[in-house]
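Observations on the model geometry
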Amino acid sequence: MKKIVLLLLSVMLLAGCTKKTDLNPVVTPAVVTKYPINVTSTSAELVGDSPSGGGNILSRGFLWMYKTDAVTDPDGDVSMSIADSIIIKQGTKVESDVKGDFLKEITGLTGDTVLLVKAYATNEKGITYGETVSFRTSKMVAPTVIISQDYENFGDSAVMASAEVTAVGGEKVTERGLIWGRDENPAFNSNKMTLGAGQGKFSFKIPDLELFVKYYVHAYAVSALGTSYSEPLIVLFIPPTFTDARDGEVYTVKQYGGVIWMTQNFRHLPDIGNAAGIWVQEYTGSSVAEAKATAEYKTYGALYNLQQAIDLAPEGWHLATDEEWKKLEIISSNGSLTVEGANAFEWRPANARRLKAWDGATNDLQFNLLPGGKQWCGGAFQELGVWSHYWAAKVGHPYDSFFRRMLAGWDNGIFRQDSNVDGYPTCVGMSARYVKD
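A brief structural summary. Just so we're clear, the structure is a prediction, and the values are computed from it rather than from any experiment.

On to the overall build of the protein chain, then. Across its full length, the protein chain carries seven helices and 29 strands. Relative to the compact-globule value of 22 Å for 437 residues, the protein chain shows a C-alpha radius of gyration of 35 Å, a clear excess of over 25%. Taking the principal axes of the C-alpha coordinates as reference, the protein chain spans close to 110 × 75 × 45 Å. When burial is assessed residue by residue, the protein chain has 47% of its 437 residues classed as buried. Surface summary for the protein chain: the accessible area is close to 21,400 Å², and the carbon and sulfur share equals 53%. Of the charged side chains in the protein chain, 40 are positive and 49 negative; the average position of the first set lies 9 Å away from that of the second.

As structure tokens, this is what we get:
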């Protein structure tokens, strides 16, 4: 009885195995013709893909030919339906290795000419062809290289930059990689990493970057026809705050359009009073400590005449210029303020509501403008809680300046004024904002 049971089990197992094998027969391989890579004026690497179909690949390769009148439709384009049959009969056959990458370089081609290619593969069940693909050999031009504007950061000191040689041009790309540094011109930057050759993607983790430094990262590609550079990837790490080493005061910091701003009114007080050209709203004494203890100082910071606003900039910073204010106003306007409009002396459609932190404004850019008013050259304090006034440096003109003013209440515009034209002497005390050099 035991022998009969074992015999039945063996038959069942054999039947199961036979059935499983029958469900997975060997078929002809699947073949895909891919677009060629490293296409120069005289050569190209043909590329295919060929899953085996369950058997062993016996041979594989490509058929290629130049575009001819026989495969051209009345509009002058390649008719793929015609080309599919003609290339099998008339195409030049080149074989690729049956193992490893499905590639084959062809050489001696004519530049700026259309060719057709079709991949094939055979196994014990027969031959399969991929679709026909057309491509054009290159003109005698330099390589094309691009860099991704997205990058992965690692803390505040490193980024993973990714780039690609999308076309090699007229000659082969012998070197590719990344160049980075502080200069917008890649020729003036010395940091370089070579990352292979030829067409394709490449990436590198750029280390040892510094805070508050704007880095320009370019991808490059070299051929016998010259060196090509991508547009720059700009990398800039900033901490959330800046601490003034002179007094320990901490300021929030944000970047707007590549410009790093302090987003709080400046409040450094090395001295105070009319002789110093430094004031705190409504404080008329001479004690720095007393001035710092007032609610006005804690809320609105200090007021400075133009010269003090320029001179008291922390190391590595400068009083925001008129050009930098205009750029910020354009950003705040959501596209309603043009460059031409930003140059006007008038209330402009810059959206101060996005910049103001008082009177119900949204302050969604977190710039925190506050109505610190002004101090009239040692005379009266004016407009606290109603107007804000900010110096804007006029580059090359240290003795006069532009400034910005904003009004509380219904008005959320920004007015650009010239202190020399509008009767605001440089001795007036105004709020100050600083930008990183």
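More follows now that the structure is in view.
Here the focus is a nonpolar patch on the surface. On the surface, a nonpolar cluster with roughly 240 Å² of combined accessible area is contributed by Ile88, Ile127 and Tyr129. For Ile127, the location among the structural elements is in strand S7 (residues 126-136). Judged by relative accessible area, Ile127 falls into the partly exposed class, the value being 41%.

Both the distance between ring centres and the angle between the ring planes are used here to describe each pair of aromatic rings. Scanning the model with the defined rule gives 21 aromatic pairs in all. Relative to Trp317, the ring of Phe212 lies with its centre 5.7 Å away and its plane at 75°, an arrangement referred to as edge-to-face. Residue Phe212 is found in the loop between strand S13 (200-206) and strand S14 (214-223), and its partner Trp317 is found in strand S22 (residues 317-319); the two are separated by 105 residues along the sequence. Here Phe212 falls in the buried class, since its relative accessible area comes to 15%. Trp317 sits in the buried class, given a relative accessible area of 5%.

Ranked by size, the top nonpolar core spans 32 residues in total, and within it Phe266, Tyr304, Trp317, Leu319, Trp391 and Tyr434 carry the most contacts. Within the residue set of this core, elements represented by two or more residues are strand S18 (250-256), strand S19 (259-262), helix H5 (306-311), S22 and strand S26 (387-393).

For the rest of this paragraph, the subject is the sheet that holds S7. Across the sheet, four strands lie side by side as S4-S3-S6-S7; this open sheet has antiparallel pairing. At either margin of the open sheet sits one strand with a lone partner, and together these are strand S4 (92-96) and S7. Sheet twist, expressed as the mean angle between neighbouring strand axes with direction ignored, is 25°. Where helix H2 (residues 80-90) meets the sheet, it contacts strand S3 (59-66), S4, strand S6 (114-123) and S7, and its direction lies at approximately 115° from that of S7.

Here we have three strands laid out as an open sheet, ordered S1-S2-S5, and antiparallel in their pairing. Both outer strands of the open sheet, strand S1 (32-37) and strand S5 (103-106), are each paired with one neighbouring strand and no more. Pairwise comparison of adjacent strand axes, ignoring direction, gives a mean angle of 25° for this sheet. In this structure, S1 lies alongside strand S2 (residues 44-49), joined through four bridges in antiparallel fashion. Looking at the pairing, Lys34 lines up with Val47 of S2.

Phi is positive for Asp208, which is not a glycine, with a value near 60°. One can find Asp208 in the loop between S13 and S14. Despite not being glycine, Gln366 shows a phi value in the positive range, around 55°.

Parameters and conventions
- Residues numbered from 1 in each chain as written.
- Predicted model: local features only at pLDDT ≥ 70, side-chain atom pairs only at ≥ 80, totals over all residues.
- Heavy atoms only, no water.
- Helix = DSSP H or I, 4+ residues; strand = E, 2+ residues; numbered from the N terminus.
- Rg over C-alpha atoms; globule rule 2.2 N^0.38 Å.
- Buried < 20%, exposed > 50% of the residue type's maximum accessible area, 1.4 Å probe, protein only.
- Areas by Shrake-Rupley, 256 points an atom, 1.4 Å probe, with all protein chains shown as cover.
- Lys, Arg positive; Asp, Glu negative; His and termini not counted.
- Charge placed at Lys NZ, Arg CZ, Asp CG, Glu CD.
- Patch = residues over 30% accessible without salt bridge, like charges linked within 9 Å, V, L, I, M, F, W, Y side chains within 5 Å.
- Salt bridge = Lys/Arg side-chain N within 4 Å of Asp/Glu carboxyl O.
- Phe/Tyr/Trp six-rings, centres within 6.5 Å; stacked < 30°, edge-to-face > 60°.
- Core = buried A, V, L, I, M, F, W, Y, C linked by side-chain atoms within 4.5 Å.
- Pairing = 2+ DSSP bridges.
- Axes fitted to C-alpha atoms, helices over the stretch in contact; angles between N-to-C directions.
- Contact = heavy atoms within 4.5 Å.

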